[in-house]
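Each chain is listed here by its residues.
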Amino acid sequence: MPEGDTVYRAARLLDRTLSGHVLERTDFRVPQHATADLSGSTVVRSLSRGKHILTRIDGDQGAWTLHTHLKMEGAWRVHRPGEPWKRPAHQARVVLTTDDRVAVGFTLGIVELLPTAEEDSVVGHLGPDLLGPDWDEEEALRRLRVEPERPVGEALLDQRNLAGIGNMYMAELCFVSGVDPRDPVASVGNLVRLVRRGKQMLELNKERAVQSTTGDLRERERMWVYRRDKSPCRRCRTPIAVAMTGPAGRERAAYWCPSCQPAAPTA
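Labelled according to an unreviewed UniProt entry, the protein chain appears under the name DNA-(apurinic or apyrimidinic site) lyase, originating from Nocardioides abyssi.

In structure tokens, the structure reads:
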């Protein structure tokens, strides 16, 4: 699933492309909104909220928000009118057309139209956004500490605690912090530093399309441990471990170095 920085860039693309422009045509290719037509309305703004994108649209029909989520395979792409799309047309879920641009949302996991005044119903549960203007470090720490025995990897992935960290950043953040992702939150010696490093990682990567936590942008050199279970640790050459962790039915792969990230002692 795309990380918060990827979603931030997608929202920024839509904002730069559509905001202030009148929609000449709208096409919502999902059953619940197939008959919706917001043509003639003006796009006010697009912004990210964790892994969600909110596109606010205002017109004679009122103030509406298009809520989209990329899930696993979704993407927003922008084209010139008449330009061939970069992905197959049958994957398109939303098409927003202005005088000089066509924004297409492909394979979106969520497509909802709701009154702008009701945005809180879809994103109000989220914790502080690591890339948002509402970032509140103390609130994020408070939420993480509510369940001290919860594995820190699970806690970081829970968007209700802090919004924007996905499986890749969870693995990389735990590695650079020397924390086994399966250890309880209470065992993390410096939770403040871990959270600050998480914000730093996303801030650094939100400006580039190629994500890296090592500082090296070459293929296979960009990550410390994520998806490197067939490779040795960059620091100590110990084989990287991988295991499925998390609640039943929602397990995620966790990657770590058993040497650089020793498990916390049990009582």
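Back to the write-up after that little detour.
How would you sum up the overall build of the protein chain? Please name residues and give values.
Across its full length, the protein chain holds six helices and ten strands. Taken against the 2.2 N^0.38 rule, which gives 18 Å for 267 residues, the C-alpha radius of gyration of the protein chain at 20 Å falls within 12% of a compact globule. Projected onto the principal axes, the alpha-carbon positions of the protein chain cover approximately 65 × 40 × 30 Å. Of all 267 residues assigned to the protein chain, the portion counted as buried reaches 49%. A total accessible area of about 12,800 Å² is found for the protein chain, and carbon and sulfur atoms account for 49% of it.

Give a description of unusual backbone geometry that names residues and reports values.
With a phi angle near 50 degrees, Lys71 is a residue other than glycine that sits in the positive phi range. You can see Lys71 is positioned in the loop between β4 (62–69) and β5 (75–79). Not every positive phi belongs to a glycine, and Thr107 is a case in point at roughly 45 degrees. As for its position among the elements, Thr107 is in the loop between β7 (102–106) and β8 (110–115).

For the UniProt feature "domain: Formamidopyrimidine-DNA glycosylase catalytic" (unreviewed entry) in the protein chain, give the residues involved together with the corresponding values.
Within this structure's numbering, the places UniProt gives as "domain: Formamidopyrimidine-DNA glycosylase catalytic" (unreviewed entry) are residues 2–105. A distance of 14 Å separates the end C-alpha atoms of residues 2–105, which is 14% helix and 41% strand.

An account of the layout of surface pockets is requested, with residue identities and associated values reported.
Estimates place the volume of the largest pocket at around 760 Å³. Forming the walls of the largest pocket are 27 residues, and the residues nearest its centre are Met168, Gln211, Arg222, Tyr226 and Arg227. For the lining of the largest pocket, the residue count by class is eleven nonpolar, four polar and twelve charged. Counted as a void, the second largest pocket has a volume near 590 Å³. Taken together, 21 residues line the second largest pocket, and the ones lying closest to its centre are Leu157, Asp158, Gln159, Arg250 and Arg252. Within the lining of the second largest pocket, the residues separate by chemical class into seven nonpolar, six polar and eight charged.

Give a description of the nonpolar core that names residues and reports values.
Proteins that are soluble and globular tend to have nonpolar side chains buried together. Core analysis: the biggest nonpolar cluster contains 40 residues, and Leu156, Leu162 and Ile165 have the highest contact counts within it. When residues of this core are traced back to their parent elements, those giving at least two are α3 (137–145), α4 (152–157), α5 (167–176), α6 (191–205) and β10 (252–256). It is α5 that contributes the most residues to this core, eight residues altogether. The contact partners of Ile165, leaving out residues within four places of it in the chain, are Glu3, Lys51, Leu130, Leu156, Leu157, Gln159, Met170 and Leu173. Counting residues in each nonpolar core, the second largest holds 22 residues, with Val7, Leu70, Leu108 and Leu113 among its members.

Lay out the packing of α3 against α6 with the relevant residues and their values.
Axis separation between α3 and α6 bottoms out at 11 Å; the angle between their running directions is 120 degrees. With respect to α6, the axis of α3 lies oblique. For α3 against α6, the interelement crossing comes out right-handed. Touching Glu137, Leu141, Leu144 and Arg145 of α3 are Leu191, Val192, Val195 and Arg196, all from α6. Looking at the contact of α3 with α6, its residues break down into five nonpolar, no polar and three charged.

Describe the packing of aromatic side chains, naming the residues involved and giving the relevant values.
According to the stated counting rule, one finds three aromatic pairs in the structure shown. Both rings, one in Phe175 and one in Trp224, keep their centres 5.4 Å apart while their planes meet at 25 degrees; by these two values the pair is stacked. Of this pair, Phe175 sits in helix α5 while Trp224 is found in the loop between α6 and β9 (241–245), placing the two residues 49 residues apart along the sequence. On the basis of an interplanar angle of 75 degrees and a centroid distance of 5.4 Å, the ring pair of Tyr226 and Tyr255 is categorised as edge-to-face. A residue pair is termed long-range when its members are at least 10 positions apart, and Tyr226 in the loop between α6 and β9 and Tyr255 in strand β10 qualify at 29 residues. Neither Tyr226 nor Tyr255 differs from the other in exposure class; each is buried. For the cation-ring pair, Arg235 lies above Trp224, with the distance from its terminal atom to the ring centre recorded as 5.3 Å.

Talk me through the side chain of His79; I want residue IDs and the actual numbers.
Inspection of the secondary structure puts His79 in strand β5. Judged by its relative accessible area of 1%, His79 is buried. Here Pro84 takes part through its backbone oxygen, which lies 3.5 Å from a polar atom of the side chain of His79. Once residues within four sequence positions are removed from consideration, His79 is found in contact with Pro84, Trp85, Lys86, Asp100, Arg101, Val102, Val104 and Phe106.

Conventions and cut-offs
Residues numbered from 1 in each chain as written. Predicted model: local features only at pLDDT ≥ 70, side-chain atom pairs only at ≥ 80, totals over all residues. Heavy atoms only, no water. Helix = DSSP H or I, 4+ residues; strand = E, 2+ residues; numbered from the N terminus. Rg over C-alpha atoms; globule rule 2.2 N^0.38 Å. Buried < 20%, exposed > 50% of the residue type's maximum accessible area, 1.4 Å probe, protein only. Areas by Shrake-Rupley, 256 points an atom, 1.4 Å probe, with all protein chains shown as cover. UniProt positions renumbered as here; feature names shortened; annotations may be inferred. 1 Å grid on protein atoms, 1.4 Å probe; cavity = no way out; pocket = protein on both sides within 12 Å on 5 of 7 lines; lining within 4 Å. Points joined across faces, edges and corners; volume = space filled by probe spheres on them. Nonpolar A, V, L, I, M, F, W, Y, C, P; charged D, E, K, R; others polar. Core = buried A, V, L, I, M, F, W, Y, C linked by side-chain atoms within 4.5 Å. Contact = heavy atoms within 4.5 Å. Axes fitted to C-alpha atoms, helices over the stretch in contact; angles between N-to-C directions. Parallel < 35°, antiparallel > 145°, perpendicular 65-115°, else oblique. Left-handed = near helix turned anticlockwise from the far one by under 90°. Phe/Tyr/Trp six-rings, centres within 6.5 Å; stacked < 30°, edge-to-face > 60°. Lys NZ or Arg CZ within 6 Å of the ring centre and 35° of its normal. Polar contact = N/O pair within 3.5 Å; in protein donor to acceptor, adjacent residues only side chain to side chain.

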